[in-house]
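# Descriptive analysis of the structure
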Amino acid sequence: MTWKRSTLGGVLFVALACLSYLLGTMYVVTPWFPLMLVRPAWYRWVVDHLVAWYWIFLVALLEMVYGIKVRITGDSIKPGERTLLIMNHRTRLDWMFLWMYLIRRGQLSKEKIILKNELRKIPGAGWGLETACFLFITRRWEEDEKIMKKILDYLSSIGHRTQLLLFPEGTDFTERTRQRSDAYAEKNNLPKYDYVLHPRTKGFVYIAEKLIKEHNLDAIHDITVGYPNGKAQTEADLLAGRFPEEVHFHVRRHPLNTLPNTSGKLEQWCTTLWAQKELQLKEFYQRKKFPDTNVLEGGTPGDPLQELKMKVVLWLSIPFFLTVILVVPYLMVTSTYFFISAVLICAFYIAQRAVYGGAEHFQIDLYNTFHRK
């Protein structure tokens, strides 16, 4: 075992991730806030790209420093495509590893994720996730429906071509959650699963219907993730240096004109997809890979020029954020101006959360006050 897959390596990764989020949000993203008042769509474009820049940094660490391999099969997301990404939730960290797919076959700057509200409390990362306008849900439908409507309406009104990630299972796959899923299956005369949880379709149906009705959806991408050799189930695994050796993604694109047109049919469609995922993952863990369809990485290579460009971007992100992580704290200690600015920025984000519920609500409320017609 190398230092990278030890507690030292895990603590280093988590520290770099949190510091890059925290300092990047404070000194790379926050200065753009005034643009929100005059050009909301420009502000969203700039901030989305800046936020994606530190996701690229994490992908660079995962792949180039910690040696995690990614294997992708199936479909891509077309440039500019508005899509709902639905994915099985094998670990608490699937959303982070998905960036390894999106940087190759999606558009990282357009991704928005539906996450548990507790994740906004992650030190450093929470402010960055809020600024990125992620959707934090409480698991109380009356509140969650309002949150999703508010943020989706905002993104639609500024013409954002969103790639929205949803985990229909609602939580990650563990022995405890599998037992709950089995109890639900037994109660409702459904099959018990060994690799996925029965999906909670209410949120999926609401989002899909809303996006379809308002002409904000081009396709649904069904993503299946598998970890053939080890996995990081929780943040504690990252801290301990228990990184997966490989992450595999299989993606199927369902164009808008092939989707069901009623709530009941959408619910059944999602349920059928999850039954198919169960069979797909059973085969995956036997063969240690998904079928060889349109393979990228670990099989036939993709466009060599595109791959070279991606590697250059990944490498450039490392010195950039290491410089931010080293220089900004130094300036805070040696410069009164930087120290005062750090205090004011922290107070600004704390106040946003206390008054508005988070930076995402602050941004949207300002937009609705000054720009919404």
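Residues numbered from 1 in each chain as written. Predicted model: local features only at pLDDT ≥ 70, side-chain atom pairs only at ≥ 80, totals over all residues. Heavy atoms only, no water.

## Some thoughts on the pairing of strand 6 (residues 219-226)
By the criterion of burial, strand 6 is predominantly enclosed, with eight of the eight residues buried. Residue alternation in strand 6 divides its side chains into two sets, Ala219, His221, Ile223 and Val225 and Ile220, Asp222, Thr224 and Gly226, and both sets are buried. Pairing of strand 2 (residues 83-87) with strand 6 involves five bridges; the strand directions are parallel. By the bridge assignment for strand 6, isoleucine 86 is matched with aspartate 222. One ladder, built from eight bridges, connects strand 6 with strand 7 (residues 246-255); its direction is antiparallel. Residue isoleucine 223 lies in a different strand from strand 7, and its bridge partner there is valine 251. (Buried < 20%, exposed > 50% of the residue type's maximum accessible area, 1.4 Å probe, protein only. Helix = DSSP H or I, 4+ residues; strand = E, 2+ residues; numbered from the N terminus. Pairing = 2+ DSSP bridges.)

## Quick word on the UniProt feature "domain: Phospholipid/glycerol acyltransferase" (unreviewed entry) in the protein
According to UniProt, the positions carrying the feature "domain: Phospholipid/glycerol acyltransferase" (unreviewed entry) are residues 83-205. The distance from the first to the last C-alpha atom of residues 83-205 is 14 Å, and the span holds 43% helix and 15% strand. (UniProt positions renumbered as here; feature names shortened; annotations may be inferred.)

## A short note on the pattern of salt bridges
Should the charged atoms of two oppositely charged side chains come close, the side chains can pair. Tallied over the full model, the rule gives 21 salt bridges. Here arginine 161 makes a salt bridge to aspartate 218, at a shortest N to O gap of 3.7 Å. Here the residue arginine 161 occupies a position in the loop between helix 7 (141-157) and strand 5 (163-166), and aspartate 218 occupies one in the loop between helix 9 (201-213) and strand 6, the gap between them amounting to 57 residues. Here aspartate 182 makes a salt bridge to arginine 178, at a shortest N to O gap of 2.8 Å. In this pair, aspartate 182 and arginine 178 are both assigned in helix 8 (residues 175-187), four residues apart and thus about one turn of the helix distant. (Salt bridge = Lys/Arg side-chain N within 4 Å of Asp/Glu carboxyl O.)

## What to know about the pairing of strand 7
Sheet analysis places strand 1 (residues 69-74) next to strand 7, joined by six bridges and oriented parallel. Counted as the bridge partner of threonine 73 is histidine 250 from strand 7.

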